[in-house]
Amino acid sequence: MIFGATGDLANRKLFPSLYRLYKKGKLANFAVVGVGRRTLTQEQFKQNVVNSVSEAIAGSKNDDLETFASYFCYHSHDVTDSSSYAELKNIADELDVKYSLNGNRVFYLAMAPEFFGPIAIHLNQDGLTDVKGYKRLIIEKPFGHDLESAKELNEQIRTAFSEDEVYRIDHYLGKAMVQNIETIRFSNAIFENLWNNRYISNIQVTSSEVLGVEERGRYYETSGALRDMVQNHMLQMVALLAMEPPIKLTPDEIRSEKVKVFRAMRPIEVEEMDKYFVRGQYGKGLVEDLEVPSYREEQMVDPNSNTETFVAGKVMIDNFRWAGVPFYIRTGKRLESKSTKIVVQFKDIPMNLYNRPDQEITPNLLVIHIQPEEGITLHLNAKKAGQNMEATPIKLSYANTGIAGINTPEAYEKLIDDSLHGDATNFTHWDEVALSWSYVDKISQAWEQTPSTQFPNYASGTMGPKEADELLEKDGFFWWPVNQFEVDVC
Ligand SMILES: NC(=O)C1=CN([C@@H]2O[C@H](COP(=O)(O)OP(=O)(O)OC[C@H]3O[C@@H](n4cnc5c(N)ncnc54)[C@H](OP(=O)(O)O)[C@@H]3O)[C@@H](O)[C@H]2O)C=CC1
Ligand SMILES: O=C1O[C@H](COP(=O)(O)O)[C@@H](O)[C@H](O)[C@H]1O
């Protein structure tokens, strides 16, 4: 049952992902009830499903689309109207019998967050969760606006679902190369031995976007880059990079190791926020040779808005493994390129035997390419061809795509598949959500107390404000230019 089935997420991501699962034979007995507010006939809704899938998979063979869409039905229902849940229950009960669903029910909340709690309460009160099979709730972000609101939402959800029935989506956890962080770390002796403060000098996680805020100004004004990207995706990647090896690859063990990382993140006092976190907002600029407006000129954005569209920060993890190693994170809209990359910078060798004293040896880097290209590059040094014993940087590259002859599944496809199997590994546990909010709340408090007088402070099409560079320069580092790190795709 998809709540918000006429919305952007359902059309762009959920229907195409369900179709890919269907094509792969991963949806055996299923039916989908789409819930939206507008009035649509069954035919119109099925046609929407067909259209959205056709658009997403343009060019691929899709002669079974009509059959796929026949598993969908639509129910026009205002989720705030208590009287209409009874009808929804009847539809679900009928489909249960018609498609032999064994009383298994998955509710996907692809709607604005203010509806999450009330829907969960109604599902319980009106008997929709009263099933003889399993019941699961997949819930979109944002999970709250701060710790307090997240707690309140969690309490509402927990009236109807237990923690292990709740699947909180963080779509970065569905990305193939984010999942690969664990494999790279825990299946390679060469890395695990070096994965600590004795050998790593700093870790940089960048997720840059070219797009601006598009049509999401209303939401983004209340969120900003900190709540939109840092509280969830960026801190989740840090947790995966920093966690201890779990004793087993089970959801509970992995989540419990991640929770320890969140607990070890050094809380930052409001007075010293500028030493750790900087913010930015995009001004006009040139993106792909086109003049684009500033954030303050976007639709549904306050012309004097103080919302940040860029965040860079230094996260310190105060435990034995990571004491003294900064994890730098940076994310923003209207930057130079669309790219998510992790750069692990190893410490310098103790003495430079190979180059002239004025020439530094490039540090070893492990680059994990999350998107758009997927792969790993290890930057080493080797002897330069010729007579002299001089070192030169070389790269060992692995491209994830194309190797197995299949495309890596899209994040939503992977996550929906996991939720149908009851595998919650790549979803966020409440403890992670609560701890990440308490970390981020300090930053938002500091920024609310001192609105920026500098906004806009970076031009669209650049890599953010100069303060982001200064954050690393004062520690003796610099941002590795992620758009120059490419992995050769075979
Ligand atoms: N779009 C995206 O790429 C992403 C979205 N998300 C999250 O997913 C969720 C949905 O986002 P998105 O699809 O963009 O939102 P949209 O605004 O595009 O869609 C909202 C949906 O909710 C329905 N709706 C609104 N009010 C009611 C109501 N009172 N009763 C019943 N249905 C109602 C709308 O139905 P109707 O239009 O018929 O009124 C529509 O189907 C949000 O939580 C968002 O943060 C997360 C990551 C990415
Ligand atoms: O969750 C979100 O993520 C997208 C970026 O996702 P990506 O997979 O394209 O990297 C971001 O644009 C959006 O603002 C945010 O809500």
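Residues numbered from 1 in each chain as written. Chains lettered and ligands numbered in written order. Predicted model: local features only at pLDDT ≥ 70, side-chain atom pairs only at ≥ 80, totals over all residues. Heavy atoms only, no water.

- As named in an unreviewed UniProt entry, the protein is Glucose-6-phosphate 1-dehydrogenase, taken from Niallia hominis.
- Its UniProt record, at the heading Catalytic activity (unreviewed entry), says of the protein: "D-glucose 6-phosphate + NADP(+) = 6-phospho-D-glucono-1,5-lactone + NADPH + H(+)".
- Comment text from UniProt for the protein, heading Sequence similarities (unreviewed entry), reads "Belongs to the glucose-6-phosphate dehydrogenase family." (UniProt positions renumbered as here; feature names shortened; annotations may be inferred.)

## Looking at the UniProt feature "domain: Glucose-6-phosphate dehydrogenase NAD-binding" (unreviewed entry) in the protein
Step number 1: UniProt annotation of "domain: Glucose-6-phosphate dehydrogenase NAD-binding" (unreviewed entry) refers to residues 1–180 when read in the numbering used here.
Step number 2: From the first C-alpha to the last, residues 1–180 spans 31 Å; its make-up is 43% helix and 14% strand. (Helix = DSSP H or I, 4+ residues; strand = E, 2+ residues; numbered from the N terminus.)

## Looking at the nonpolar core
Step number 1: Among the nonpolar cores identified, the biggest contains 108 residues, and Phe3, Phe277, Ile317, Phe327, Ile342 and Leu366 are the most heavily contacted of them.
Step number 2: Setting aside residues no more than four positions away along its own chain, Ile342 makes contact with Ile181, Ile203, Gln204, Val205, Met237, Leu241, Leu366, Val367, Ile368 and Ile370.
Step number 3: Judged by nonpolar contacts, the second largest core, of 34 residues, contains Ile2, Leu18, Leu27 and Val53. (Core = buried A, V, L, I, M, F, W, Y, C linked by side-chain atoms within 4.5 Å. Buried < 20%, exposed > 50% of the residue type's maximum accessible area, 1.4 Å probe, protein only. Contact = heavy atoms within 4.5 Å.)

## Observations concerning the UniProt feature "binding site: NADP(+)" (unreviewed entry) in the protein
Step number 1: Within this structure's numbering, the places UniProt gives as "binding site: NADP(+)" (unreviewed entry) are Arg37, Asp78, Val79 and Lys141. Cross-referencing the annotated residues with the lining of the largest cavity gives Lys141.
Step number 2: If you trace the backbone, Arg37 turns up in the loop between strand 2 (32–36) and helix 2 (42–56).
Step number 3: With respect to the helices and strands, Lys141 occurs in the loop between strand 5 (135–139) and helix 6 (147–158).
Step number 4: Residue contacts for Lys141: discarding those within four places in its chain leaves Phe116, Ile169, Tyr219, Asp228, Asn232 and His233.
Step number 5: A distance of 2.7 Å separates the side chain of Lys141 from the backbone oxygen of Asp228, its partner in a polar contact. (1 Å grid on protein atoms, 1.4 Å probe; cavity = no way out; pocket = protein on both sides within 12 Å on 5 of 7 lines; lining within 4 Å. Polar contact = N/O pair within 3.5 Å; in protein donor to acceptor, adjacent residues only side chain to side chain.)

## Some words on the site of ligand 2
Step number 1: Lining the immediate environment of ligand 2, one finds Lys141, His171, Tyr172, Lys175, Glu209, Arg216, Asp228, Met229, His233, Lys333, Lys338 and Gln371.
Step number 2: Tyr172 is positioned such that a nitrogen or oxygen atom in its side chain is 2.5 Å from an oxygen atom of ligand 2.
Step number 3: Taking Lys338, its side chain carries an N or O atom lying 2.7 Å from an oxygen atom of ligand 2.
Step number 4: Tallying contributions element by element places helix 9 (residues 217–242) first for the shell around ligand 2, with 3 residues. (Near = heavy atom within 4 Å.)

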